[in-house]
Amino acid sequence: EAGVVQSPRYKIIEKKQPVAFWCNPISGHNTLYWYLQNLGQGPELLIRYENEEAVDDSQLPKDRFSAERLKGVDSTLKIQPAELGDSAVYLCASSPGTSGRREQFFGPGTRLTVL
Amino acid sequence: AQSVTQLDSQVPVFEEAPVELRCNYSSSVSVYLFWYVQYPNQGLQLLLKYLSGSTLVKGINGFEAEFNKSQTSFHLRKPSVHISDTAEYFCAVSDGGSSTLGRLYFGRGTQLTVWP
């Protein structure tokens, strides 16, 4: 079974430029999560999707961040414009359900460097 | 919201020695507890989880953890570590609050380094 796929793995951009990250969850997983992991920190949830609906986006900085999951499968996270402080690893995870009992399966992440 | 404290940011240990990585969480209400491991340039992988029942939970790679409700702790242990156990370990908590259902709260991580 294929795991969670993320691309690109690494991205270097200049500040004020836009950037987008793509995630393909495990087949059949209807719940998808985007996390932000700063250096030396644990992941922090940005947004959670149930199918195509964003059901928990209270942590997403909506002035510059946006996300979509149009067909309830793949998802894209966008930052526009990027700031120096956005340099971090962006992790995508998926699970077969919403319950807190469910294991979340993580992708390898996208490491963003903003210069 | 939950908060998770991992008391040690770095734990150095020699190969074949025992190790304990400590984790405390903020709330004593019903929670689910997880330990994840992250190898360099990889995503997080589940080591073990506590949902209910026996307070001693066994996971992959010889790790185990004990849930202590009165002390709100979920410490991770391994009786004999290998060099391949060198990685970052994250403790995470999920609660059943309707507004945050399924949200995982992570600690800051403990870097375990095993020396030969």
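In this report, the structure presented in the accompanying data block is examined. (Residues numbered from 1 in each chain as written. Chains lettered and ligands numbered in written order. Predicted model: local features only at pLDDT ≥ 70, side-chain atom pairs only at ≥ 80, totals over all residues. Heavy atoms only, no water.)

1. Describing the pattern of salt bridges
Under the definition given, this model contains 10 salt bridges over all chains. For Glu83(A), the salt bridge is made with Arg64(A), and the minimal N-O distance between the two is 3.3 Å. With Glu83(A) in the loop between β8 (75-79) and β9 (88-95) and Arg64(A) in the loop between β6 (53-56) and β7 (65-68), this pair connects stretches of sequence that are 19 residues apart. The class of Glu83(A) is partly exposed, set by a relative accessible area of 42%. For Arg64(A), a relative accessible area of 14% gives the class buried. Here Asp8(B) makes a salt bridge to Arg22(B), at a shortest N to O gap of 3.0 Å. Here the residue Asp8(B) occupies a position in the loop between β1 (4-5) and β2 (10-14), and Arg22(B) occupies one in the loop between β3 (19-21) and β4 (24-25), the gap between them amounting to 14 residues. Put simply, Arg64(A), Glu83(A) and Asp86(A) are held in one network by salt bridges that share partners. (Salt bridge = Lys/Arg side-chain N within 4 Å of Asp/Glu carboxyl O. Helix = DSSP H or I, 4+ residues; strand = E, 2+ residues; numbered from the N terminus. Buried < 20%, exposed > 50% of the residue type's maximum accessible area, 1.4 Å probe, protein only.)

2. A short note on the nonpolar core
Core analysis: the largest hydrophobic core is formed by 29 residues, its most contacted members being Leu33(B), Trp35(B), Leu47(B), Leu48(B), Phe74(B), Leu76(B) and Tyr89(B). The set of elements that each furnish at least two residues to this core consists of β2, β3, β5 (31-38), β6 (44-50), β8 (64-68), β9 (73-78), β10 (87-95) and β12 (110-115) of chain B. Of all hydrophobic cores here, the second largest spans 22 residues; its members include Val19(A), Trp34(A), Leu36(A) and Ala88(A). (Core = buried A, V, L, I, M, F, W, Y, C linked by side-chain atoms within 4.5 Å.)

3. Brief notes about the sheet that holds β8(A)
Residue and element names in this part refer to chain A. Taken together, four strands build an open sheet; the order of strands is β1-β3-β8-β7 and the sheet is antiparallel. The two strands at the open ends of the sheet, each matched to only one other strand, are β1 (5-7) and β7. Going from strand to strand, the sheet's axes swing by 15° on average, the running direction of each strand aside. As defined by bridge partners, β1 adjoins strand β3 (residues 19-24) across three bridges and the pair is classed as antiparallel. Bridge pairing links Ser-7 to Trp-22 in β3. (Pairing = 2+ DSSP bridges. Axes fitted to C-alpha atoms, helices over the stretch in contact; angles between N-to-C directions.)

4. Thoughts on the pairing of β3(A)
All names here are of chain A. Along β3, the buried face is formed by Val-19, Phe-21 and Cys-23; none of Ala-20, Trp-22 and Asn-24, which line the opposite face, is buried. In this sheet, β8 lies alongside β3 in antiparallel orientation, the contact comprising five bridges. Its bridge partner being in β8, Cys-23 is matched across the sheet by Ser-75.

5. Thoughts on the interface of chain A and chain B
Residue-level contacts link 26 residues of chain A with 22 residues of chain B. Regarding the contact of chain A and chain B, the summed buried area is about 1900 Å², with carbon and sulfur atoms giving 47% of it. Seen at the junction of chain A and chain B, the total is one salt bridge. The element that contributes the greatest number of residues to the side of chain A that touches chain B is strand β4 (residues 31-37) of chain A, accounting for three residues. For the side of chain A that touches chain B, the residue count by class is eight nonpolar, 11 polar and seven charged. (Contact = heavy atoms within 4.5 Å. Buried area = accessible area lost by both parts, 1.4 Å probe. Nonpolar A, V, L, I, M, F, W, Y, C, P; charged D, E, K, R; others polar.)

Any functional reading would require information that these geometric values do not contain.
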